[in-house]
Amino acid sequence: MSEIKKHSSELPLVVIVGRPNVGKSTLFNRLIRKRVAIVDDQPGVTRDRLYRPTTWNGKSFLLTDTGGFFGPDEDPLSPGVQEQIEEAAKYAEVLCMVVDGSEGPTGLDQDTADRIRRLSKGRKGKEIKVVVAVNKCDNPSVDYSTAFYELGFKDVVPVSAIHGYGTGNLLDLLVAPLPLSELPDEEDDIPGIALLGRPNVGKSTLLNALCGEKRSLVSTIPGTTRDPVDTLIEWEGKLFRIIDTAGIRRRGKMSQGLDRYSLMRGKAALARANAALLLIDGSEGPTESDAKVFSIAHDMGRAAVLLVNKWDAVEKDTQTAGATVKKIREMMPWLNYAEVQLISALSGQRLQRIFPCIEQALENHKRRIPTAELNRALETFIAKKPPPSRHGRIANIYYWTQANSTPPTFILFVNDPERIHFSYQRYLINQLYETFDFQGTPLRLIVRARRSRDVERPRRKQSDFDAAESETLMEDWDE
Ligand code: GDP
Ligand code: GDP
């Protein structure tokens, strides 16, 4: 936990600006080639302000989407929001001004262009390079971009964020003034850990404690205190990427929309995470809202560790710890695989247990059990408790195989899936937990029909389940 490697804050900043609903978030996602930001059809609806390290032609930069600079109740054109955007733009090497090609240049586009020019002039000696991305040019044979030269910028390029047209040309222009540089870390190989919990459970305090110092490094990116910037933490020579969702708290009142926003935000963090640290406020005990937030991590199949924080503030006797864990297990039985640690982010109590737990969970999340071993185990599971026949019809279980990992996913081949009751599936999953070390990870079981004469033929090797099939299976399962 000694050393923090704050990665990308030294990279040149490329900032996406533009009026609402022109497609900034969509373009952002396209350029980083991942779905991270939250795209919403309603103009001005909540989006994350995200910074992502990106590389094009050997040049690395930090891409940010100002679409997320305003909250659900904020007018994106209000002076406060504009100030924030200008603040970010001040540090930018390059601005990507997005406009809507299908609408032609509007007054608002002209205003934005004027503002950018003022900003650029304000930076003595170093004008900001501006590239105009004319978005929604969905048909490559129709170029709407020429009309936008009237905004007064030299580089104007048609793109379609949705289809990906023109993004290569756009990236060429964006990186033109940047120096060659590599990404500081292979960030995708570093396990991502999402910090999840209701507001005030202590996420920020925990992150600061794990870093061992205030995250001053993060503040090199403008105006960041509530932004989801990843923090790299080294523990015993291994790197972990902590994805902070402390910013779940937004200015203004807690409304219906905000709740949805919190959950969306949790999802966005989890989308980039391998594991989740699920925080409970120990001074209050587990609540239904905790369960609701945590169920996202479970449904998305992430490894998980449960942390009961503020343990220092709990009045305790010898029974308290046991009773707290019992209450959690009763309230969230579906999360039984997650180890529980009673910690205090404030006093540092038991924080040293967190990374070993995560590591174990991540390892189990990736675990693959060979088919032969799995089927030897299956025989004993069935011998201990045969599947009950349903409606007088006999359930035949042929074999199973692990089709996927992260999370471990098993396919059970039977004569008729209807006959394998949910409770029997749960029995098999529990047996897997008891037999193999799967602590910290959810498991998936898919039941599929197979005709008995097919089973007699040579079985397909596990490797025959290619990624594509597994994905489809996962989708079936998710539904
Ligand atoms: P932002 O407010 O500027 O961040 O805009 P969003 O990324 O949320 O996009 C606003 C709307 O425009 C969404 O409905 C997108 O699906 C749509 N959109 C974005 N890019 C394109 C595009 O290339 N073509 C078309 N036809 N629609 C797009
Ligand atoms: P977040 O909203 O989840 O990021 O929560 P914060 O980290 O901002 O913490 C909310 C409040 O709880 C602050 O007043 C913290 O000082 C307090 N807090 C956080 N961790 C602990 C802890 O371990 N013990 C106690 N007693 N208070 C804590």
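Anything mentioned here points back to the structure above.
Residues numbered from 1 in each chain as written. Chains lettered and ligands numbered in written order. Predicted model: local features only at pLDDT ≥ 70, side-chain atom pairs only at ≥ 80, totals over all residues. Heavy atoms only, no water.

**Focus: the overall build of the protein chain**
Per the secondary structure count, the protein chain includes 13 helices and 15 strands. By sequence separation, contacts in the protein chain at least 24 residues apart represent 74% of the contacts at least 6 residues apart. Just so you have it, the protein chain exposes about 22000 Å², and 49% of that area is on carbon and sulfur atoms. (Helix = DSSP H or I, 4+ residues; strand = E, 2+ residues; numbered from the N terminus. Contact = heavy atoms within 4.5 Å. Areas by Shrake-Rupley, 256 points an atom, 1.4 Å probe, with all protein chains shown as cover.)

**Quick look at the packing of helix α1 (residues 24–32) against helix α4 (residues 167–175)**
Remark: α1 packs on α4, axes separated minimally by 11 Å, with the N-to-C direction vectors making an angle of 85°. With respect to α4, the element α1 is oriented roughly perpendicular. Listed contacts from α4 to Leu-27, Arg-30 and Leu-31 of α1 are Thr-167, Leu-170, Leu-171 and Leu-174. (Axes fitted to C-alpha atoms, helices over the stretch in contact; angles between N-to-C directions. Parallel < 35°, antiparallel > 145°, perpendicular 65-115°, else oblique.)

**Regarding the site of ligand 2**
Close to ligand 2 lie 17 residues; Asn-200, Lys-203, Ser-204, Thr-205 and Asp-312 are nearest. In this structure, an oxygen atom belonging to ligand 2 sits 2.8 Å away from a main-chain N or O atom of Lys-203. When isolated, ligand 2 has an accessible area of 580 Å², and the protein chains bury 77% of it. (Near = heavy atom within 4 Å. Polar contact = N/O pair within 3.5 Å; in protein donor to acceptor, adjacent residues only side chain to side chain.)

**Overview of the side chain of His-365**
Structurally, His-365 is set in helix α9 (residues 354–366). With residues up to four places along the chain from it excluded, the contact list for His-365 reads Asn-274, Gly-301, Arg-302, Ala-303, Ser-405, Thr-406, Pro-407, Pro-408 and Thr-441.

**A look at the sheet that holds strand β15 (residues 444–449)**
Read from one edge to the other, the open sheet built from three strands follows the order β13-β14-β15, with strand pairing classed as mixed. Across the chains shown, the open sheet's two edge strands, defined by having one partner strand only, are β13 (397–404) and β15. Averaged over all pairs of adjacent strands, the angle between strand axes in this sheet comes to 25°, irrespective of strand direction. Pairing between β13 and strand β14 (residues 409–414): six bridges, direction antiparallel. From the neighbouring strand, Tyr-399 faces β14, where its bridge partner is Phe-413. On the sheet, helix α11 (residues 422–435) packs against β13, β14 and β15 and is oriented at approximately 130° with respect to β15. (Pairing = 2+ DSSP bridges.)

**Side note on α1**
Counting buried residues along α1, seven of its nine residues qualify, which places the element largely inside the surrounding structure. Taken as a whole, α1 has its buried residues at Lys-24, Ser-25, Leu-27, Phe-28, Asn-29, Leu-31 and Ile-32. Downstream of α1 by one or two residues, Arg-33 has phi in the positive range, about 60°. (Buried < 20%, exposed > 50% of the residue type's maximum accessible area, 1.4 Å probe, protein only.)

**Observations regarding helix α8 (residues 320–331)**
The terminal C-alpha atoms of α8 lie 16 Å apart, and with 12 residues this matches the ideal 16 Å at 1.5 Å per residue to within 8%. Along α8, the residues classified as buried are Thr-320, Thr-324 and Ile-328. Taken end-on, α8 shows its buried residues confined to a sector of 70°, consistent with a single buried face. Across α8 from its buried face, at more than 90 degrees, point the exposed residues Lys-326 and Glu-330. Turning to α8, the residues buried within the fold contact β10 (275–281), β11 (303–309) and β12 (339–342). (Expected span 1.5 Å × (residues − 1). Arc of directions from axis to C-beta.)

**Some details on unusual backbone geometry**
In the segment running from Thr-406 into Pro-407, the intervening peptide bond is cis, with an omega of 0°. With respect to the helices and strands, the residue Pro-407 is situated in the loop between β13 and β14. Phi is positive for Lys-310, close to 65°, though the residue is something other than glycine. Take Lys-310: it is sitting in the loop between β11 and α8. We classify Lys-310 as partly exposed; its relative accessible area is 25%.

**Details of the environment of Leu-428**
Turning to its location among the elements, Leu-428 is positioned in helix α11. If we skip the residues at most four places from it in the chain, Leu-428 touches Leu-378, Phe-381, Trp-400, Leu-412 and Leu-445.

**Description of the packing of aromatic side chains**
Geometrically, a pair of aromatic rings is defined through the distance of the ring centres and the angle of the planes. The final tally for this structure, using the stated rule, is eight aromatic pairs. On the numbers, 6.2 Å between centres and 10° between planes, the contact of Tyr-337 with Tyr-433 is stacked. With Tyr-337 in the loop between α8 and β12 and Tyr-433 in helix α11, this pair connects stretches of sequence that are 96 residues apart. Accessibility expressed as a relative area gives 6% for Tyr-337, which makes it buried. Here Tyr-433 falls in the partly exposed class, since its relative accessible area comes to 23%. For the ring pair Tyr-399 and Phe-413, a centre distance of 4.9 Å and an interplane angle of 25° mean the geometry is stacked. Residue Tyr-399 is located in strand β13, and its partner Phe-413 is located in strand β14; the two are separated by 14 residues in the primary sequence. (Phe/Tyr/Trp six-rings, centres within 6.5 Å; stacked < 30°, edge-to-face > 60°.)

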